Amino acid sequence: MNIEKRIIELKKIINKANVEYYLQDNPSLTDQEYDRYVQELISLEDRYPQYKTSDSPTTKVGSKVLDKFDKVTHKIPMLSLGNVFNEEEIRAFDDRINFDNNLEYVCELKIDGLGVALTYENGILVKGATRGDGTVGEDITNNVRTIKSIPLILNKPIDIEVRGEIYMSKKSFNELNEKRAKTGEPLFQNPRNAAAGSVRNLDAKITESRNLDCFIYHLPNPLDYGIKTHYEALTFMKELGFNTNNEARLVKNIDGILKFINEWTQRRPSLAYEIDGIVIKVNDIATQNKLGYTVKVPRWATAYKFPAQEVITRLIDIIFTVGRTGKITPNAILEPVRVAGSTISRATLHNEDNVISKNIKINDMVVIRKAGDVIPEVVRPVIERRTGLEKDFVMISNCPICGSRLEKDMIKADYFCPNDNCDARSMESIIHFASRDAMNIEGLGENIIEDLYNAKLLKNISDIYHLENYKEDIIAMEGYGNKTFENLIASINKSKDNSLERLLFGLGIRQVGLKTAKILSRVYKNLDNLMIAPAHELEEIKDIGPIIALNIENYFKNENNLYLIDRLKEVNVNMEYINTNIRIDEDFANKTFVLTGTLNMITRDKASELIENLGGKVSNSVSNKTSVVIVGENPGSKYDKAKKLEIPIWDEEYFMDKIKDYNI
Ligand code: IVH
C-alpha cells in the first residue's frame, strides 16, 4: 500500500478510537491494537516526515521542553463566576435577574480543575491558553495537545473558540501520588493542584504522562453560529467532537435548580472526578447579553459552592497582623489539620468582637471551616472539651509592629494602627500594589517583598522603581541570582505601562476595589483629572456612593499620598486610562450617539461602554452635533427632536446587529 494512504488511514483509525474511548466511553479497539496502530503511525511519520501533518494524533506527544510559557491575550476576557453558598443566596440571584419569572436555567457540575481556552482554525486546534488574570493567560498549546479528550481536529472545518476545565480524575490522582510516594517526590494536595501542576509544566511529555482530561462547558460567541441558548451550545460543541459533561440539565425555575443541587450533593462522592459546586447559567443567550457582566463575573451565571468542610483542632495561640489600611486582625495559630484538601495551621478570627462573642479562648479545641479557596475561619470553640487550662483572649492596645496606640473604628468593631509609616502597613501596601489585580508585577510576591523590606531596599511603593540600582545587594541575597534579578526588573519596568485602573486599585484607597477603579478610570481618563474631582462630583457617578467619594477626595488631600504620586510620575509610571477594548469601527468612530427609550437586549451601561470602545461618544442630549439616536421602547422627546433634526435613527435590533461581533 502507498505510504501516504496508509498514514491517512492510520490517522483516521486512531482519531476514531480516541473519540470512542474518550468521548463515547465505548472503545472498539483493544489497548494493544490501539498501541500497535500508534506505533506504526509514529514509525511511518519518522521515516517519511514529508507526510507528517500538524493534525496528526501523534503530535499530541509534545517533544520540545520549553523554558517559559508565552503570554496569550484573550480576545474575550476569561471571567470567573460569582459564588452563592445557600438557598437564600440562590433565591436572591434568581430574584435579581428573573424579572418576569420565566427564565430557564442550565445547571452544570462545577468541575474542580483549571480553566482553559481552546482556539480552532478551520477545525484544527491552534491554541490552548490558561485563564491567567482573565485578560492575559499562558500559551499551553503543546501541553493541551497531549490531552486525549481534547480533539486535535473537529468534525467540521470551522473557526471557533471554546472554554472548559482541565482536570485529573480521582483515580489518576491517587495513582500519581502513590507513584510519587514511592519515589520520595512531594505529594500533590488534591486533584486540582495536580492538574494545574501538570498542565503548567514546561515539558509536555510530563503533562502527557499525567492522564489529564477536559470538559468543555462554554462557547463565548454562540450567536456567531446561530445558537440562541446555552443548552444548544452544549449540544453543538458535543457534535463538533468536544467532551461536554453529560450531567448538564435544563431546568425551568428555582425549584429545578434546588432539586439538581440536592441530587448532586448526594451523588458527588460517586463521581470519578472532583466537583466543588454547581454552576447555574441563564439558558437564553439574548438574556445573557442583556444582563451582561460586572468587571469580574457574568451577571447571568453563578456558582453554588458546596458547604464548607469543618474539622476540629486545637487553638495554640492568637497573634495579631496589621493590614495595609492599618486594620488589626487577630489570627488563630492552630495545630495543623487537613481540611477541604489542604493543611491549615492558621485561621482568621476577624476582630475582637468576633472572638468575644464566640467565647474563644487560647488552648480551646475549635471548629475550623474552610470552603474551597476561601480563607479558613474559626467557627466556635468546643466547650465540652475545656479542661480549665484555657486562657482568656486579650485585645492588644498598641500596634504589634510599630507600637503606636491603636484607634477603634466606632461603626465596625475594628482597631487600626494610625501610623502611616508603620512597617507592617508599608509592607502590606507594597504587596497589594504589586499584586495580580493591581500592577501585576510578576516575581514581586509576598516573600520577596518581605526580604527586600527587611534588607531596607524597599521601604515604600515608589522604591520598587529604584530596585534596579541595587543589583549587587539583591543578587547577594540568598535565593536571588542574576536571572531572578533581570526578570524582576523587566516586570517592574513593564508595569510602568499599565492602564490607570491598575495603578488606582494598587494605591489602596479605602473601598476602591477593582470595579470602582475601572469606572473612575473610564470617567476621568487620567489621574490628574481624578485628583481634583470633588466628592460631590464623584458621587454623581453611578455605583459610587458618598463614603467612597469622600475616601477618594481625602486620599488626594493627604500630603504623603501626593508625594508618592509625584515619585511615581518621576519614574514615568503611566497615569492615563488605556482602553484596550477599543477596536475602532467605522460605524461608530468619531460619532456622537444618544440613547433613548428602554432597551430590551442590552443594558444602557453596556451599550454606552461598547459605543465608546468602538470609538464613539455617548451624549445625553440631542443636538445637530448628534450623529445617531438609538431608540428603544417608549422613547421620549429626544426621539421627536432627532426626527425634527433629521438625525439618523437606529432601532435596538439594528444597533445589536452592528455590535454583534463585539458584544462580550
Ligand atoms: S462557566 C463566563 N461552567 O469555575 C462563564 N465554569 O469559579 C465561564 N468551572 O472560571 C465559566 N466548571 O474555571 C463554568 N460547568 C462550568 C464550570 C466552570 C468549572 C470553573 C471555571 C471558572 C470557575 C469559577
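Details of the structure are given in the entry above.
Residues numbered from 1 in each chain as written. Predicted model: local features only at pLDDT ≥ 70, side-chain atom pairs only at ≥ 80, totals over all residues. Heavy atoms only, no water.

Regarding the pairing of strand β15 (residues 365–370)
Then comes step 1: Of all six residues in β15, five are buried; the element is thus mostly enclosed.
Then comes step 2: Pairing of strand β12 (residues 309–322) with β15 involves six bridges; the strand directions are antiparallel. Paired with Glu310 across the strands is Arg369, a residue of β15.
Then comes step 3: The pairing of β15 with strand β16 (residues 377–381) spans four bridges and is antiparallel. Bridge assignment links Val366 to a residue of β16, and that residue is Pro381. (Buried < 20%, exposed > 50% of the residue type's maximum accessible area, 1.4 Å probe, protein only. Helix = DSSP H or I, 4+ residues; strand = E, 2+ residues; numbered from the N terminus. Pairing = 2+ DSSP bridges.)

Focus: the sheet that holds strand β7 (residues 160–168)
Then comes step 1: Read across the sheet, four strands follow the order β5-β4-β7-β8 without closing on themselves; strand pairing throughout is antiparallel. The sheet is open, and its two edges are formed by β5 (124–130) and β8 (212–218), each paired on a single side. Averaged over all pairs of adjacent strands, the angle between strand axes in this sheet comes to 35 degrees, irrespective of strand direction.
Then comes step 2: Summarising the sheet, β7 and β8 pair through six bridges and their orientation is antiparallel. (Axes fitted to C-alpha atoms, helices over the stretch in contact; angles between N-to-C directions.)

Digging into the site of the ligand
Then comes step 1: The ligand sits among 15 residues. The nearest are Glu108, Ile111, Glu165, Tyr217 and Lys281.
Then comes step 2: Here Lys110 contributes a side-chain N or O atom positioned 3.2 Å from an oxygen atom of the ligand.
Then comes step 3: Measuring from an oxygen atom of the ligand, one finds a side-chain N or O atom of Glu165 at 2.7 Å.
Then comes step 4: In isolation the ligand exposes 530 Å². Once the protein is present, 90% of that is buried.
Then comes step 5: Those elements that provide at least two residues to the shell around the ligand are β3 (105–111), β8 and β10 (275–282).
Then comes step 6: Looking at the shell around the ligand element by element, the count peaks at four residues for β3.
Then comes step 7: Here the residues of the shell around the ligand are counted per class, giving eight nonpolar, three polar and four charged. (Near = heavy atom within 4 Å. Polar contact = N/O pair within 3.5 Å; in protein donor to acceptor, adjacent residues only side chain to side chain. Areas by Shrake-Rupley, 256 points an atom, 1.4 Å probe, with all protein chains shown as cover. Nonpolar A, V, L, I, M, F, W, Y, C, P; charged D, E, K, R; others polar.)

Re a nonpolar patch on the surface
Then comes step 1: Taken together, Phe85, Val374 and Ile375 make up a surface patch of nonpolar side chains, about 270 Å² in accessible area.
Then comes step 2: Tracing the backbone through its elements, the reader meets Phe85 in the loop between β2 (83–84) and α3 (87–97). (Patch = residues over 30% accessible without salt bridge, like charges linked within 9 Å, V, L, I, M, F, W, Y side chains within 5 Å. Salt bridge = Lys/Arg side-chain N within 4 Å of Asp/Glu carboxyl O.)

Section: the packing of aromatic side chains
Then comes step 1: Per the counting criterion, the structure on display carries 18 aromatic pairs.
Then comes step 2: For the ring pair Phe93 and Tyr105, a centre distance of 6.2 Å and an interplane angle of 40 degrees mean the geometry is tilted. Of the two residues, Phe93 sits in helix α3 while Tyr105 sits in strand β3, which places them 12 residues apart along the sequence.
Then comes step 3: A relative accessible area of 2% means that Phe93 is categorised as buried.
Then comes step 4: Judged by relative accessible area, which is 0%, Tyr105 ranks as buried.
Then comes step 5: Seen in terms of ring centroids, Tyr293 and Trp300 are 6.1 Å apart; in terms of plane orientation they differ by 85 degrees. Their pairing is edge-to-face. (Phe/Tyr/Trp six-rings, centres within 6.5 Å; stacked < 30°, edge-to-face > 60°.)

A closer look at the pattern of salt bridges
Then comes step 1: Enumeration over the complete set of coordinates arrives at 32 salt bridges.
Then comes step 2: In this structure, Asp112 and Arg192 form a salt bridge, with 2.8 Å as the shortest nitrogen-oxygen distance. Within this pair, whereas Asp112 is found in the loop between β3 and β4 (114–121), its partner Arg192 is found in helix α6 (residues 191–199), the two being separated by 80 residues in sequence.
Then comes step 3: Taking relative accessible area as the criterion, Asp112 reaches 16% and is therefore assigned buried.
Then comes step 4: In this structure Arg192 comes out as partly exposed when scored by relative accessible area, which is 30%.
Then comes step 5: The salt bridge involving Glu570 is made with Arg567; its shortest N-O contact spans 2.3 Å. Here Glu570 and its partner Arg567 are both found in helix α21 (residues 559–570), three residues apart, which amounts to about one turn of the helix.
Then comes step 6: Put simply, Lys71, Glu138, Arg200 and Glu442 are held in one network by salt bridges that share partners.

So, unusual backbone geometry
Keep in mind that most residues, glycine aside, have a negative phi and that most peptide bonds are trans.
Then comes step 1: Notably, Asn363 is not glycine yet its phi reads approximately 90 degrees, a positive angle.
Then comes step 2: For Asn363, the position within the fold is in the loop between α11 (352–357) and β15.
Then comes step 3: Positioned with a positive phi, Glu646 is a non-glycine residue whose angle comes to about 55 degrees.
Then comes step 4: Mapped onto the secondary structure, Glu646 falls in the loop between α23 (637–644) and β22 (649–651).

Overview of the pairing of β4
Then comes step 1: The buried count for β4 comes to seven of eight residues, which makes it a mostly enclosed element.
Then comes step 2: For β4 and β7, the ladder comprises seven bridges, and the chain directions are antiparallel. Residue pairing in the sheet places Gly115 in a bridge with Glu165 of β7.
Then comes step 3: The sheet contact formed by β4 and β5 spans six bridges and is antiparallel. In the strand pairing of β5, Thr119 is matched with Lys127.
Then comes step 4: Hairpin connection between β4 and β5: a loop of two residues separates the two successive antiparallel strands, and Asn122 in this loop has a positive phi of roughly 55 degrees.

Everything listed here is a matter of geometry and, on its own, says nothing about what the molecule does.
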